[in-house]
Amino acid sequence: MRIYLVVIDETPEAETALRFAARRAVKTGGGVEILALVPAAEFVPWGGVQATIEEEARQHAEALVAGAAGTLIEESGLKPIITVRQGDASKVIRDVIAGNPEIAALVLAAAPHGAPGPLVTHFAGSDAGALPIPLMIVPGGLNAAAIDRLS
């Protein structure tokens, strides 16, 4: 099955990428994997505080994924694969792609104004030719109707 990988966070661009990926998956008989990234916590010398910070970050990421999955199921009927990982974003994304041969594309959305965003900048920049799958960049300024029409 063709899986579209989407990285979810609190930005409107993530919602745009998820909508596009869901529509493509429905039209191609594929699926969607939603990846939430938990940033690597900076070292705190007190172990209990460190563990609390990491757990709060993980819970926040899991809540983001749960909300995104609920929206995806409601709008498209697709049940996504949900992944929550901690670490450097580009390395985690590469590891997820390497770990699932069914992932057919990484779907990201660019910010509607200004810099496109760190993941788009990274994967579409000097590292673009090294991805083993296509990178789909959805313009962040598209409205829902335009995304539906284009996907």
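Preceding block: the structure.
The rules behind these values
- Residues numbered from 1 in each chain as written.
- Predicted model: local features only at pLDDT ≥ 70, side-chain atom pairs only at ≥ 80, totals over all residues.
- Heavy atoms only, no water.
- Buried < 20%, exposed > 50% of the residue type's maximum accessible area, 1.4 Å probe, protein only.
- Helix = DSSP H or I, 4+ residues; strand = E, 2+ residues; numbered from the N terminus.
- Pairing = 2+ DSSP bridges.
- Right-handed = clockwise from strand over helix to strand, strands pointing away.
- Salt bridge = Lys/Arg side-chain N within 4 Å of Asp/Glu carboxyl O.
- Axes fitted to C-alpha atoms, helices over the stretch in contact; angles between N-to-C directions.
- Polar contact = N/O pair within 3.5 Å; in protein donor to acceptor, adjacent residues only side chain to side chain.
- Contact = heavy atoms within 4.5 Å.
- Core = buried A, V, L, I, M, F, W, Y, C linked by side-chain atoms within 4.5 Å.
- Expected span 1.5 Å × (residues − 1).

Novice: Would you mind going over the pairing of strand β1 (residues 3-8) with me for this structure?
Specialist: The side chains of a regular strand alternate, residue by residue, between the two faces of the sheet. Most of β1 sits inside the fold, with six of its six residues counted as buried. Here β1 shows two buried faces, one formed by Ile3, Leu5 and Val7 and the other by Tyr4, Val6 and Ile8. In this sheet, strand β2 (residues 31-38) lies alongside β1 in parallel orientation, the contact comprising six bridges. Bridge pairing links Ile3 to Gly31 in β2. Regarding the hand of the β-α-β motif, the stretch spanning β1, helix α1 (residues 12-28) and β2 is right-handed. Here four bridges tie β1 to strand β4 (residues 103-110), and the two strands are oriented parallel to one another. When the bridges of β4 are listed, Ile3 appears paired with Ile103.

Novice: Can you walk me through the pattern of salt bridges in this structure?
Specialist: A side chain with one charge can pair with a side chain of the opposite charge if their charged atoms come near. Counted by the stated rule, this structure contains three salt bridges. Across the pair Arg19 and Asp148 runs a salt bridge whose closest N-O atoms are separated by 2.9 Å. One end of the pair, Arg19, is in helix α1; the other, Asp148, is in helix α5 (residues 144-150), with 129 residues separating them in the sequence. The class for Asp148 is partly exposed, based on a relative accessible area of 28%. For Asp148, the salt bridge is made with Arg23, and the minimal N-O distance between the two is 3.1 Å.

Novice: What exactly am I supposed to notice about the sheet that holds β1 here?
Specialist: Remark on secondary structure: sheet strands pair via backbone hydrogen bonds, oriented parallel or antiparallel. The strand order β3-β2-β1-β4-β5 describes an open sheet built from five strands, whose pairing is parallel. Either end of the sheet is taken by a strand with one partner, and the two such strands are β3 (81-86) and β5 (135-139). When the angles between neighbouring strand axes are averaged without regard to direction, this sheet yields 30 degrees.

Novice: Just to check I follow, could you spell out the side chain of Ser151 for this structure?
Specialist: With respect to the helices and strands, Ser151 occurs in the segment after α5. Of the polar contacts made by the side chain of Ser151, one reaches the backbone oxygen of Asp148; its length is 3.4 Å. Residue contacts for Ser151: discarding those within four places in its chain leaves Phe20, Arg23, Arg24 and Lys27.

Novice: Would you mind showing me how to read the nonpolar core here?
Specialist: Val6, Ile8, Leu18, Val32, Ile34, Leu72 and Val107 are the most contacted members of the largest nonpolar core, which has 24 residues in total. Secondary-structure elements contributing two or more residues to this core are β1, α1, β2, α2 (47-76) and β4. It is α1 that contributes the most residues to this core, seven residues altogether. In contact with Leu72, not counting residues within four places along its chain, are Leu18, Ala22, Val32, Ile34, Gly77, Leu78 and Pro80. Counting 16 residues, the second largest nonpolar core, distinct from the first, contains Ile103, Leu106, Val120 and Ile133.

Novice: Explanation requested: α1 in the structure shown.
Specialist: Within an α-helix, residues lying three or four positions from one another point in the same direction, as the helix has 3.6 residues per turn. Helix length check: α1 (17 residues) gives 24 Å between terminal C-alpha atoms against 24 Å at 1.5 Å per residue, within 8%. Taken together, the buried positions of α1 are occupied by Glu13, Ala14, Thr16, Ala17, Leu18, Phe20, Ala21, Ala22, Arg23 and Ala25. Following α1 by one or two positions, Gly29 has its phi on the positive side, about 70 degrees.

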